[in-house]
Amino acid sequence: ASLKSGLLQEGQEKSREGQAVAVVASEAEAEKKSKVVVCARCHSLRHYGHVKRPDAEVLLPDFDFVAAVGPRLASPSGARSLVLLLADASDFDGSFPRAVARLVAVTSEAHHADWKHGAPSNLPRAVLVVTKLDLLPTPSLSPDDVHAWAQARARAGAGADLQLAGVHLVSAARGWGVRDLLNHVRELAGARGKVWAVGARNVGKSTLLNAIARCSGAESGQTLTEAPVPGTTLGVIRVDGVLGAQAKLFDTPGLLHGHQLTSRLTPEEQKLVQVRKEMRPRTYRIKAGQSIHIGGLARLDVEDLTVGSIYVTVWASPLVPLHMGKTENAESMMKDHFGLQLQPPIGQKRVKELGKWVRKQFKVSGNSWDANTMDIAISGLGWYGIGLKGEAVLGLWTYDGVDVVPRSSLV
Ligand code: GDP
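The structure contained in this document is the topic of the report that follows. Keep in mind it's a predicted model, so treat the numbers as computed, not measured.

## A few points about the site of the ligand
For step 1, the next point in the chain: Around the ligand there are 15 residues in total, and Asp134, Asn202, Lys205, Ser206 and Thr207 lie nearest to it.
For step 2, the next point in the chain: Thr207 is positioned with one of its side-chain polar atoms (N or O) 2.5 Å from an oxygen atom of the ligand.
For step 3, the next point in the chain: Contact with the protein chains removes 79% of the 580 Å² of surface that the ligand exposes when unbound.
For step 4, the next point in the chain: Counting residues per element, the shell around the ligand draws most heavily on helix α10 (residues 205-215), at 3 residues.
For step 5, the next point in the chain: Within the shell around the ligand, the residues separate by chemical class into 5 nonpolar, 6 polar and 4 charged.

Printed below as a string of structure tokens:
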């Protein structure tokens, strides 16, 4: 079954059981009921790390989850901790909170070593939550494949010893998978557990927590609580009425990932790069000596090939223009068109501000044009899907410090 129909079936089954899948149907209504009004400044500070007023820009340091929450996870007595690791389906490797995942893995291991006679009941555990699933081309994907792929990517980010108590594919926007996630979290947290929701800025954490709160029937009208004074909202916040009387759900400030290209873009540039609707592929058949630009942000060169051509599919926001041409012209493209025809960056002055333009080289071999052989993902931007029969040498250019991740193909 395709991913979308799988998820729909899940929803339909629930409604047969008479449970509240009304999440989807009455979403607008519920949103009205449970939405908390937070002033624009608080929202801005909390989710984007700066105030959206150019004359009063206040940049905030990253939230240090490891220092702030780490000691509480490691506590040998007390309630069980459950960490929800959020990753955006459209930018998995860039958004995955790998430092926190690593911390959970290491803390669990240390606990295990301390307890020779079986695992203690308060071992910290992690659940992987893939958000914004509706952005993937769901009809052409199988839920099982995405599940396995996400689990493998999480391990690639945090280390092979990361144990996951569950993997959930969700779309808060559509209500997909939210009830299953809530039920599982309740089960894992038990009566007195502490649940920490963790994710990079813009991963969809607020939207998801609000959807979970609605789904939990927190009808008090108030779900996410925010302190009234900016500056005090930057720490951990308790979300009431979701998990029951004694178990606690904590929202943590969005993490700032320097390796995500988005973290160095202006709000205006971010709007162009962020994916809002189901992603659509743009595919090219290209030869050695040709290049594909994604705006003025990344470029893939086919440097060498053992076959005539390869297929390259670009998965990125449709608002970012692509350009295919000869590699020998790439330098003048950068000089003459970056920041102008090829945006973002917006304006030629921004090109230098984004950093040094650097290349990574990949040797790829594949045996089929039908299936994509591999992806090369650019954190915070999207990815190139490569399909080839033979061998290729590829050069990937982007700004220094932005993560470039070769991985098994998603689509
Ligand atoms: P946070 O910074 O992690 O709290 O992220 P937000 O909840 O504010 O969401 C960031 C952006 O992603 C907003 O533009 C949301 O509308 C969008 N978003 C959140 N969840 C979803 C989702 O499930 N699907 C889609 N397509 N967009 C989403």
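Once the structure has been displayed, the description carries forward.
## Structural notes on the sheet that holds strand β2 (residues 125-131)
For step 1, the next point in the chain: Ordered by their spatial adjacency, 6 strands build an open sheet running β3-β2-β1-β4-β6-β5, and the pairing between neighbours is mixed. With one partner strand each, in any of the chains shown, β3 (164-169) and β5 (237-239) form the two edges of the open sheet. Direction aside, the axes of adjacent strands within the sheet are offset by 25° on average.

## Section: the packing of aromatic side chains
For step 1, the next point in the chain: Inspection of the entire model under this criterion finds 7 aromatic pairs.
For step 2, the next point in the chain: Each ring, one from Trp196 and one from Phe250, has its centre 4.5 Å from the other, and the planes form 20°; the classification is stacked. One end of the pair, Trp196, is in strand β4 (residues 194-198); the other, Phe250, is in strand β6 (residues 248-251), with 54 residues separating them in the sequence. Like Trp196, the residue Phe250 is buried in the burial classification.
For step 3, the next point in the chain: Ring centres of Phe338 and Trp357 lie 5.3 Å apart, and the angle between their planes is 85°; on these two criteria the pair is classed as edge-to-face. Taken together, the positions of Phe338 in the loop between α12 (330-337) and α13 (349-353) and Trp357 in strand β12 (residues 357-368) put the pair 19 residues apart, joining distant regions of the chain.
For step 4, the next point in the chain: Taken together, the ring pairs connect Phe92, Phe96 and Trp149 into an aromatic cluster.
For step 5, the next point in the chain: The side chain of Arg72 reaches across the aromatic face of Phe250, ending 5.8 Å from its centre.

## Remarks on α10
For an α-helix the count is 3.6 residues per turn, leaving residues at separations of three or four pointing the same way.
For step 1, the next point in the chain: Burial analysis of α10 places 10 of its 11 residues in the buried class, which makes it a mostly covered element.
For step 2, the next point in the chain: Among the residues of α10, Lys205, Ser206, Leu208, Leu209, Asn210, Ala211, Ile212, Ala213, Arg214 and Cys215 are the ones counted as buried.
For step 3, the next point in the chain: Positioned one or two residues after α10, Gly217 has a phi angle of 80°, which is positive.

## Description of unusual backbone geometry
For step 1, the next point in the chain: Omega for the peptide link from Gln343 to Pro344 comes to -15°, which places this bond in the cis form.
For step 2, the next point in the chain: Residue position: Pro344 is located in the loop between α12 and α13.
For step 3, the next point in the chain: Look at the link from Pro344 to Pro345: it is a cis peptide, with omega at 0°.
For step 4, the next point in the chain: Here Pro345 is to be found in the loop between α12 and α13.
For step 5, the next point in the chain: Notably, Lys132 is not glycine yet its phi reads approximately 55°, a positive angle.
For step 6, the next point in the chain: Of note, the phi angle at Asn202 is positive, near 75°, even though the residue is not glycine.

## Comments concerning the environment of Ser368
For step 1, the next point in the chain: By the element assignment, Ser368 lies in strand β12.
For step 2, the next point in the chain: Taking the C-alpha atoms as reference points, Ser368 and Gly387, 19 residues apart in sequence, are found 6.8 Å from one another.
For step 3, the next point in the chain: When neighbours within four sequence positions are excluded, Ser368 is seen to be in contact with Thr373, Gly387, Leu388 and Lys389.

## Regarding the pattern of salt bridges
For step 1, the next point in the chain: The full count for this structure, using the stated rule, is 14 salt bridges.
For step 2, the next point in the chain: With its nearest N and O atoms 2.9 Å apart, the salt bridge here joins Arg153 to Asp93. In this pair, Arg153 is assigned in helix α8 (residues 143-158) and Asp93 in helix α6 (residues 92-95), connecting sequence segments 60 residues apart. With respect to burial, Arg153 and Asp93 carry one shared label: buried.
For step 3, the next point in the chain: In this structure, Asp301 engages Arg299 in a salt bridge whose closest nitrogen and oxygen atoms are separated by 2.7 Å. Here Asp301 matches Arg299 in class, with each residue buried.
For step 4, the next point in the chain: Residues joined by salt bridges that share partners form a network here, namely Asp93, Arg153, Asp375 and Arg407.

## A word on the side chain of Glu269
For step 1, the next point in the chain: Looking at the element boundaries, Glu269 is found in helix α11 (residues 267-273).
For step 2, the next point in the chain: Accessibility expressed as a relative area gives 0% for Glu269, which makes it buried.
For step 3, the next point in the chain: Glu269 has contacts with Pro344, Pro345, Ile346 and Arg350, leaving out every residue within four places of it along the chain.

Reading the values: the criteria
- Residues numbered from 1 in each chain as written.
- Predicted model: local features only at pLDDT ≥ 70, side-chain atom pairs only at ≥ 80, totals over all residues.
- Heavy atoms only, no water.
- Near = heavy atom within 4 Å.
- Polar contact = N/O pair within 3.5 Å; in protein donor to acceptor, adjacent residues only side chain to side chain.
- Areas by Shrake-Rupley, 256 points an atom, 1.4 Å probe, with all protein chains shown as cover.
- Helix = DSSP H or I, 4+ residues; strand = E, 2+ residues; numbered from the N terminus.
- Nonpolar A, V, L, I, M, F, W, Y, C, P; charged D, E, K, R; others polar.
- Pairing = 2+ DSSP bridges.
- Axes fitted to C-alpha atoms, helices over the stretch in contact; angles between N-to-C directions.
- Phe/Tyr/Trp six-rings, centres within 6.5 Å; stacked < 30°, edge-to-face > 60°.
- Buried < 20%, exposed > 50% of the residue type's maximum accessible area, 1.4 Å probe, protein only.
- Lys NZ or Arg CZ within 6 Å of the ring centre and 35° of its normal.
- Contact = heavy atoms within 4.5 Å.
- Salt bridge = Lys/Arg side-chain N within 4 Å of Asp/Glu carboxyl O.

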